[in-house]
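# Architecture at a glance
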Amino acid sequence: MNKSISRRGFLGAATVLGVASTTTGGITAQPVAAETIRSAPRRSQLPAPSTIDATDPALLSATEAASLLQEGILHPRELLDACLTRSHEYDGGIGSWIRIYPEVAYAAAEKAAQRLSTAGRTSDGEAPPLVCGLPIALKDMFAVSGLPVTASSRVLEGNIAAGDSTVWRRLSDAGMVLMGHAHCDEFAIGVATAQVGNPWNAEFSPGGSSGGSAAVLAARFSPLATGTDTGGSLRLPASATGITSVKPTFGRCSTYGTIPLNWTRDHTGPMARSAADASLLLSYMAGVDVNDPTTSTGPPVPADGYPLAAQGGQSPLAGRRFGIPRKGVDKLPASLGTLFAAFTDTVVALGGTLVDVTMPTYPTGLLTGDMAEAGHYHQQFSDRIGLYKPERALFVGQALASMAVPVADYMTLAHNRLRYQHDYNRMLSEQNLDAILVPGASVDGSKRSEVAGIALFDGVTADVAWANYTGAPVVTTPAGRSKETGLPFGVQLGGRMWDEAGLIQIALELQAAQPFWQEAPPLTQNARQIPTSVIAQPGPGPDPTNTQNVGFSFRFVPTSS
């Protein structure tokens, strides 16, 4: 790190500004009961400051920035300055942010600085969390009390969150710095985020629906981001932009206070440049929340958090078996097939064993249940159909009509879904698999002009639904860039319920052997005056999203049966 940039009298510079933050300033957020943060990755797991070489703090990975923040070498405000400056200078050609919150962010950065200072450590009596002072982008589905949450839709224009989503409450409590909300497909109904350009080539889609979050990361506007995944929305953008995402087991991270699409399929999860960065964020996102009963069904989050470093050695994957769904792999275009083959060669070179498998067949009718759930939520906006984008209005109309499905049929669909989960578990068990390797895309890039208007359930650019219907965890990791288009391609590592740690460790080994995640797109300077917002009076609720988000009285529960 360039000393002229990184050392600014950090220990003496931590003073709290008199500016409202997301948790102070007289605004009382709606209470969110969440588990006390027990997951605490150790400081020793971070890269040593002496190994970090960067001249622009915005180019630091999250773990690198955390190391410098913890050591007092980098000030949170300096890191935030760099991220905001880079966003303003380059987001004009990408359009990843829907809004940023500089006033809120600088107040949080100063608060984090105090927490990281010698005086702060002494008064608090404990080391600050490793994510303290790190900037983050939230997908425009996560409620933050007193700030807009609009799902990138005119339907919710002017909507102000009534409280904090549990995920944001946990991250805020850990000292993270909210930069802003990133764009997504309208109400997460899509796989394109066509209003956002892929930083590698702005003519192409960054994937969806968490495409804005992925673009923010690939462009180095923020080191961390959150996303949601109902039908690939964490994984498709990760593959398209060359970043890493973790779709946790259903229930590992709370969905309370996020705008829903399907209550029994929605996941929240971390997005980052590397597996280590995503793992660090997951350690602070995951945990029990009394407002989301499914979070109580699995084993506890590891006491030391999720792994941050590769074990290394010649054969770190020795003894591990990986299933290859050959039917889908054989259909890949040549450019992607070559990348996938190279990826599996790396798995073998690291000691892994490959096994061809056949994925279980989806039961018929599951889509009917999905549409009925979406209709149940969107019926509250039936008087605003004209404000949806035309293709989304058509989807909402179909979803509302699907609510007429007989209750008995819906319950049958729920039972069939459980059977599908058992079939997936049986495949892993009978083949003694540690993970399956599934392509993160089935096409070599999608032009924004061609994919605009594709709804989530109408077009998918990879095999992704298996993980949402089973609830299984998936880590998506970069696997190189296409020689045809120059665009990134990723691979999904799917595993057993609640085995996020095992999958992350595999991804860490693969990324250590082939660090594709370090590649950054060559951006062209294109300035943008990004819209800003400040804290306002929270909405009336009843949900933190300030919408009617009642959910169901029962939840899908992942099992290893």
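The structure under discussion appears in the preceding block.
Attention in this report is confined to the structure presented alongside it. (Residues numbered from 1 in each chain as written. Predicted model: local features only at pLDDT ≥ 70, side-chain atom pairs only at ≥ 80, totals over all residues. Heavy atoms only, no water.)

In this section: the pairing of strand 2 (residues 135-139). The buried fraction of strand 2 is high, at five of five residues. The alternating pattern of strand 2 places P135, A137 and K139 on one face and I136 and L138 on the opposite face, and all of these are buried. With five bridges joining them, strand 2 and strand 3 (residues 177-182) adopt parallel strand pairing. Bridge pairing in strand 3 links L138 to H181. Since strand 2 and strand 3 lie parallel, the crossover through helix 7 (residues 166-173) that links them has a hand, and here it is right-handed. (Buried < 20%, exposed > 50% of the residue type's maximum accessible area, 1.4 Å probe, protein only. Helix = DSSP H or I, 4+ residues; strand = E, 2+ residues; numbered from the N terminus. Pairing = 2+ DSSP bridges. Right-handed = clockwise from strand over helix to strand, strands pointing away.)

Here R265 lies in the loop between strand 5 (244-247) and strand 6 (267-272). A polar contact of 2.5 Å, which involves the side chain of R265, links it to the side chain of D370. Looking at R265, its side chain comes within polar contact range of the side chain of Y469, at 3.3 Å. (Polar contact = N/O pair within 3.5 Å; in protein donor to acceptor, adjacent residues only side chain to side chain.)

In this section: the layout of surface pockets. Volume-wise, the largest pocket comes out at about 470 Å³. Elements with a contribution of two residues or more to the lining of the largest pocket: helix 11 (326-329) and strand 9 (435-439). Considering every element that reaches the lining of the largest pocket, the biggest residue donor is helix 11, with four residues. Considering only enclosed or pocket space, the second largest pocket measures out at about 380 Å³ in volume. Forming the boundary of the second largest pocket are 20 residues, of which T63, A276, L308, W517 and Q518 lie nearest the centre. Counting residues per element, the ones that place at least two in the lining of the second largest pocket are helix 3 (62-71), helix 10 (275-285) and helix 18 (500-513). For the lining of the second largest pocket, the element with the highest residue contribution is helix 18, accounting for three residues. Looking at the lining of the second largest pocket residue by residue, the classes come out as 12 nonpolar, seven polar and one charged. (1 Å grid on protein atoms, 1.4 Å probe; cavity = no way out; pocket = protein on both sides within 12 Å on 5 of 7 lines; lining within 4 Å. Points joined across faces, edges and corners; volume = space filled by probe spheres on them. Nonpolar A, V, L, I, M, F, W, Y, C, P; charged D, E, K, R; others polar.)

Applying the stated rule across the entire model yields 16 salt bridges. R384 is the salt-bridge partner of D383, the closest N and O atoms lying 3.7 Å from each other. Taking the relative accessible area as the measure of exposure, D383 reaches 63% and is therefore exposed. The exposure class assigned to R384 is partly exposed, which follows from its relative accessible area of 30%. (Salt bridge = Lys/Arg side-chain N within 4 Å of Asp/Glu carboxyl O.)

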